[in-house]
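Listed below are the residues making up each chain.
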Amino acid sequence: MHKKPNEILETYWGFTSFKDSQEKIITASLEGRDVLALLPTGGGKSICFQVPAMMQDGICIVVSPLIALIQNQVTNLKNLGIKAVGLSGSLRFEELSNELDNCVYGGYKFLYLSPERLGQELIQERILQMNVNLLVVDEAHCISQWGHDFRPAYLQCALLRELHPAAPMMALTATATPRVSDDIRSSLDLIAPLIQKDSFSRKNIAFKVVFEEDKKYRLKQYCTALKTSGIVYVRTRRLAEELSGFLLKNGIKATFYHGGITEKEKRKKLEQWLENKVQIMVATNAFGMGIDKPDVALVVHYQIPDCLENYFQEAGRAGRNGDNATAVLITNPTDKEQVKKQFLSILPDVSFVKLVYKKLNTFLQIAYGEGFGTTYPLNFNVFCATYQLNSMLTYNALKILDRNSVVALTESFSKKATVFFKIEKEDLFRYIDEHPKLKDFVKTLLRTYGGIFEHDIKINTVLLAKKLNIDESVITKGLEKLATDDVIDYKGSHSDLELTFLVPRDDDRTVNRFAKNIMEQNTLKEHQIAQTLLYIENNKVCRSIQLLSYFGEENSVACGRCDVCLHTQQTPNNLKLDKERITKFLTTQNANSRTIQRALKLENRLVLIVLQELLEDGILIINDQNQYQLV
Ligand code: ADP
Ligand code: MG
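Residues numbered from 1 in each chain as written. Chains lettered and ligands numbered in written order. Predicted model: local features only at pLDDT ≥ 70, side-chain atom pairs only at ≥ 80, totals over all residues. Heavy atoms only, no water.

Asks: Can you walk me through the nonpolar core in this structure?
Replies: In a soluble, globular protein the nonpolar side chains are often hidden away together inside. One finds Phe207, Phe287, Leu360, Leu398, Leu401 and Phe501 to be the most contacted residues of the largest nonpolar core, which totals 66 residues. When near neighbours in sequence (up to four residues on either side) are disregarded, leucine 401 contacts Val353, Tyr357, Leu360, Val406, Val407 and Phe514. Leu38, Cys157, Ala167 and Ala176 belong to the second-largest nonpolar core, a separate cluster that totals 37 residues. (Core = buried A, V, L, I, M, F, W, Y, C linked by side-chain atoms within 4.5 Å. Buried < 20%, exposed > 50% of the residue type's maximum accessible area, 1.4 Å probe, protein only. Contact = heavy atoms within 4.5 Å.)

Set out below in structure tokens:
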């Protein structure tokens, strides 16, 4: 060992000090101890295993549940100049074998893989040959059926132990109730581990539940009053687009983000938001990974989330810089009734999962016993329409197939097009002479795809765009032009999901393997929804205390800033009186909170509470001079 942990941290990451218990965890791991780290989202869990791995010879093996997560982490490491490899879904045997060789001989420091990969013999053999310094199970709650994201394949993580009994193991998660952390510990067989649980308390966030008939109006109030960045979470793509349009119409710079937009659009929208060109991101839960913007002062949940784990994680994107922030769930009684019906009616039962699996095989023309290891794009909407399947229910069925390692699901978005030339070569050359603008494009098309005169050929518009160094939309336009001129037959189609089949088709038997698990998971989901509704209804206990106790943290103190705390501290009568006084004062002049506080001799905190409520009620706005002004 040459360098100290903090030197490694600074050399590679450029950070000057460790956060919270990072150092304690790293020290334990370097001593060869197993660790179970329960740190909040954004708490810097990756550093906990990446630093010790960089300090020792050999490679660190990391199990992570999603291809997207793996890619994200591997890219980050590569950007830091660290050799890392991720085994994603669709590697051919040779590629896979090469990558594994790199891990055995090539001085690679990190191997990321999905739990399914651990089941492959080839991989086990090679892992055995590797000089492993640390075994890591990230997002370790996936190993527990009591977690909100149980993936049975995670149980295979225990295999790592058998392959390298001497290497220390580290399990990390942000969302573990006591039951889940017990499960992690025993499933991974952690030996006398350091169990490090940092408080999940987020003192600078005011958690609020607001009942409101006119939710849009209330949303507008919150967004108008906001100075910095905000996120609004919704549950459907349609609503994300609708609300973003609504905010835009009301003069608020907003955009939307969900699984149905292209990667390019996603990047663009994210960038606009990160650079504060757009203030509010209205998003589904597709907007999550790697969102680490420090100055988010508002996270709104416009619909009831499906579990408190997800709620806390999403709300926790507020106030990363330590400034005061608000996380508000806007709801009304209709919502609650809907949620009960909605959530429970979109839990697929065993026979529905079987149905979807069967239709999927038919739709993608996979024969019995086939399909293993192949990746297919899937146009989700067309799939649902073809078999008249409810889309939410179907999506959840796909998720179940994903969770149980039947398929690996990626939300992607790409345009696949099929092209066939309807005219003879000679006529085509005459045509491009008349349309010189299309010349390069057509030539590239012919060069890239042989046989295009004989039959329909699937072309990749992204690839063509890259080759020609032009925008993909120009390609699409070119194709459309050729089609209108009757030169080609052109069918464009969208696909927004990608499926890799992890097992050969075995019809009902495929699903029977985890039928019991589907039923148990449905019961758990019902329980989680009930817990969420309890949280919403309970206006007697501080929101922060409620959330923390859900994650097993007892004896936390009241936050003093959530809706419950504010109302118990202030009798409604007092508040009303102060509201009237402040409103009256503002009829004479616009003022900032300090001026108001001095003029009326009120306590500062109280003034801020009242002003916030008046803002939310739409009675005040903040003007250009940063003063409060009556509407
Ligand atoms: P988690 O997995 O716990 O959600 P990450 O490991 O993704 O969190 O880290 C969250 C963010 O915190 C990242 O942007 C990371 O670079 C940053 N971070 C981690 N450790 C430190 C540190 N010691 N100093 C400054 N920033 C840090
Ligand atoms: Mg992480």
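Asks: What am I meant to see in helix 2 (residues 22–30) here?
Replies: Each full turn of the α-helix corresponds to 3.6 residues, which orients residues three or four apart in the same direction. Along helix 2, the positions that sit buried rather than exposed are Gln22, Ile25, Ile26, Ala28 and Ser29. Viewed along the axis of helix 2, the buried residues span an arc of 165°, placing them on a single side of the element. In this structure, the buried residues of helix 2 make contact with helix 1 (5–13), strand 1 (35–38), helix 3 (45–55), strand 5 (132–137), strand 6 (169–173) and strand 7 (194–197). Looking at the residues trailing helix 2, positive phi occurs at glycine 32, about 90°. (Helix = DSSP H or I, 4+ residues; strand = E, 2+ residues; numbered from the N terminus. Arc of directions from axis to C-beta.)

Asks: Would you mind going over the packing of aromatic side chains with me for this structure?
Replies: For any pair of aromatic rings, geometry is given as the distance between the ring centres together with the angle between the planes. Within this structure, the stated rule accounts for 14 aromatic pairs. A centroid spacing of 6.0 Å and a plane angle of 45° characterise the contact between tyrosine 311 and tyrosine 535, whose relative ring orientation is tilted. Linking tyrosine 311 in helix 12 (residues 308–315) with tyrosine 535 in helix 22 (residues 515–537), this pair joins segments that are 224 residues apart in sequence. Summarising the burial analysis for this pair, tyrosine 311 and tyrosine 535 share the class buried. Between phenylalanine 363 and phenylalanine 383, the aromatic rings sit 5.2 Å apart at their centres with planes inclined by 70°, giving edge-to-face as the arrangement. Taken as a pair, phenylalanine 363 in helix 14 (residues 350–363) and phenylalanine 383 in helix 15 (residues 380–387) lie far apart in primary sequence, 20 residues in all. The exposure class of phenylalanine 363 is partly exposed, given its relative accessible area of 27%. Put simply, the rings of Phe200, Phe207, Phe312, Tyr550 and Phe551 pair up and form one aromatic cluster. The ring of tryptophan 273 carries lysine 293 above its face, with NZ or CZ at 5.3 Å from the centroid. (Phe/Tyr/Trp six-rings, centres within 6.5 Å; stacked < 30°, edge-to-face > 60°. Lys NZ or Arg CZ within 6 Å of the ring centre and 35° of its normal.)

Asks: Looking at this structure, I do not really get the site of ligand 1. What am I missing?
Replies: Taken together, the neighbourhood of ligand 1 is formed by 14 residues, with Ser17, Gln22, Gly42, Lys45 and Ser46 sitting nearest. In this structure, serine 17 approaches ligand 1 through a main-chain N or O atom, which is 2.8 Å from a nitrogen atom. At 2.8 Å, a side-chain N or O of serine 46 approaches an oxygen atom of ligand 1. Considering every element that reaches the shell around ligand 1, the biggest residue donor is helix 3, with 3 residues. Here the residues of the shell around ligand 1 are counted per class, giving 4 nonpolar, 7 polar and 3 charged. (Near = heavy atom within 4 Å. Polar contact = N/O pair within 3.5 Å; in protein donor to acceptor, adjacent residues only side chain to side chain. Nonpolar A, V, L, I, M, F, W, Y, C, P; charged D, E, K, R; others polar.)

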